[in-house]
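Listed below, chain by chain, are the residues.
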Amino acid sequence: MSGWKVRFEDLDRANQPVEAFDCGNAVLTRYLRTQAGQDVRRHIAACVVALDGETGAVAGYYTLSASRVDRNGLPDELVKKLPRHEHLPAALLGRLAVDVAYQGKGLGGALLMDAAEAVIASPVAAWAMIVDPIDNAAAVFYGKYGFQKLETDGTRMFIPMKTLAKALSQ
Ligand SMILES: CC(C)(COP(=O)(O)OP(=O)(O)OC[C@H]1O[C@@H](n2cnc3c(N)ncnc32)[C@H](O)[C@@H]1OP(=O)(O)O)[C@@H](O)C(=O)NCCC(=O)NCCS
């Protein structure tokens, strides 16, 4: 993300211009404008927004919630190294989107890494991060970072937190 400054803040609808946000996907745009604040108040999701350091415009956002992953959907070589629990703790990256004016500048990747840092810093353990890509392009985006498809769970993808931690340390 060269050439412009961005800062990450917890969602605070009263002080951030979320109504102007438009990522080109109606569902993800509407979610930030109308639903995210309520989900945060009800402890359904945490929401972080990326603000343009100069204008204060909302350039992107992501949400995180506690979730779990079914060990049956994981590749054999990973399962061998895991405790025999039916489910493993996971952080659900429920939504991630970048405003059309800011796409292609590295912000999507920066939001993903900020979410990874938040999960790693949390005292609540998560073995993996999981996502439900909204379309094939989103699945390709997540695949670039090492997310893999879960075998038992539709289009859901996962990545071990250990892999994300390694990416952050490089
Ligand atoms: C998908 C999205 C989050 C990517 O954000 P972005 O800021 O444009 O992406 P970045 O600039 O950080 O790109 C990171 C990498 O992903 C790739 N990428 C970005 N958008 C992509 C897309 N739609 N399809 C495939 N790859 C994509 C980039 O080429 C880049 O790869 P590179 O480092 O090898 O060049 C953004 O385009 C968006 O919000 N789209 C609409 C909503 C959406 O689909 N969200 C996904 C939620 S499930």
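All of the points below concern the structure found in this document. Just so you know, these numbers come straight off a predicted model, no measurement behind them. (Residues numbered from 1 in each chain as written. Predicted model: local features only at pLDDT ≥ 70, side-chain atom pairs only at ≥ 80, totals over all residues.)

1. Points about the nonpolar core
Judged by nonpolar contacts, the single largest core of 46 residues is most densely connected at Leu-64, Ala-90, Leu-93, Ala-128, Met-129, Ile-130 and Phe-158. Among the secondary structure elements, those contributing two or more residues to this core are helix 1 (26-41), strand 2 (46-52), strand 3 (58-70), strand 4 (87-98), helix 3 (107-121), strand 5 (128-131) and strand 7 (157-160). Here this core takes 8 residues from strand 4, the largest share from any one element. Every residue in contact with Ala-90, bar those within four places of it in the chain, is listed here: Ser-67, Arg-68, Val-69, Ala-126, Trp-127, Ala-128, Met-129, Ile-130 and Phe-158. (Core = buried A, V, L, I, M, F, W, Y, C linked by C-beta atoms within 7 Å. Buried ≥ 20, exposed ≤ 12 C-beta atoms within 10 Å, placed from the backbone. Helix = DSSP H or I, 4+ residues; strand = E, 2+ residues; numbered from the N terminus. Contact = placed C-beta atoms within 7 Å.)

2. Side note on the packing of helix 3 against helix 5 (residues 161-169)
Their axes nearest at 10 Å, the elements helix 3 and helix 5 cross at an angle of 115°. By crossing handedness, the relation of helix 3 to helix 5 is classed as left-handed. For the pair formed by helix 3 and helix 5, the contact residues are Met-113, Ala-116, Glu-117, Val-119 and Ile-120 on the first element and Met-161, Leu-164, Ala-165 and Leu-168 on the second. (Axes fitted to C-alpha atoms, helices over the stretch in contact; angles between N-to-C directions. Left-handed = near helix turned anticlockwise from the far one by under 90°.)

3. Section: helix 1
Taking 1.5 Å per residue as the helical rise, helix 1 with its 16 residues ought to reach 22 Å, and the 23 Å between its terminal C-alpha atoms agrees with that figure. Looking only at helix 1, the buried set comprises Tyr-31, Leu-32 and Ala-36. After helix 1 finishes, the residue His-43 shows a positive phi value of roughly 60°. (Expected span 1.5 Å × (residues − 1).)

4. What about the site of the ligand?
Surrounding the ligand, one finds 21 residues, the nearest of these being Gln-103, Gly-108, Gly-109, Ala-137 and Ala-138. Listing elements by their share of the shell around the ligand, those giving two or more residues are strand 4, helix 3 and helix 4 (136-144). By residue number, the principal contributor to the shell around the ligand is helix 4, which donates 5 residues. Residue composition of the shell around the ligand, by class: 12 nonpolar, 7 polar and 2 charged. (Near = placed C-beta within 6 Å. Nonpolar A, V, L, I, M, F, W, Y, C, P; charged D, E, K, R; others polar.)

5. Quick word on the sheet that holds strand 4
For sheets, the rule is that strands pair by backbone hydrogen bonds, running either parallel or antiparallel. The sheet built from 7 strands is open, its strands ordered 1-2-3-4-5-7-6 with mixed pairing. Each end of this open sheet is capped by a strand with a single partner; those strands are strand 1 (6-10) and strand 6 (148-149). Where strand 2 lies against strand 3, 6 bridges are found, and the strand directions are antiparallel. Across the sheet, the residue bridging to Leu-51 is Val-58, located in strand 3. Strands in contact with helix 5 are strand 5 and strand 7; relative to strand 7, the strand with the most contacts, it is inclined by about 65°. (Pairing = 2+ DSSP bridges.)

6. Overview of the environment of Gly-154
Structurally, Gly-154 can be placed in the loop between strand 6 and strand 7. Expressed as a C-alpha distance, the spacing of Gly-154 and His-43, which sit 111 residues apart in the sequence, is 26 Å.

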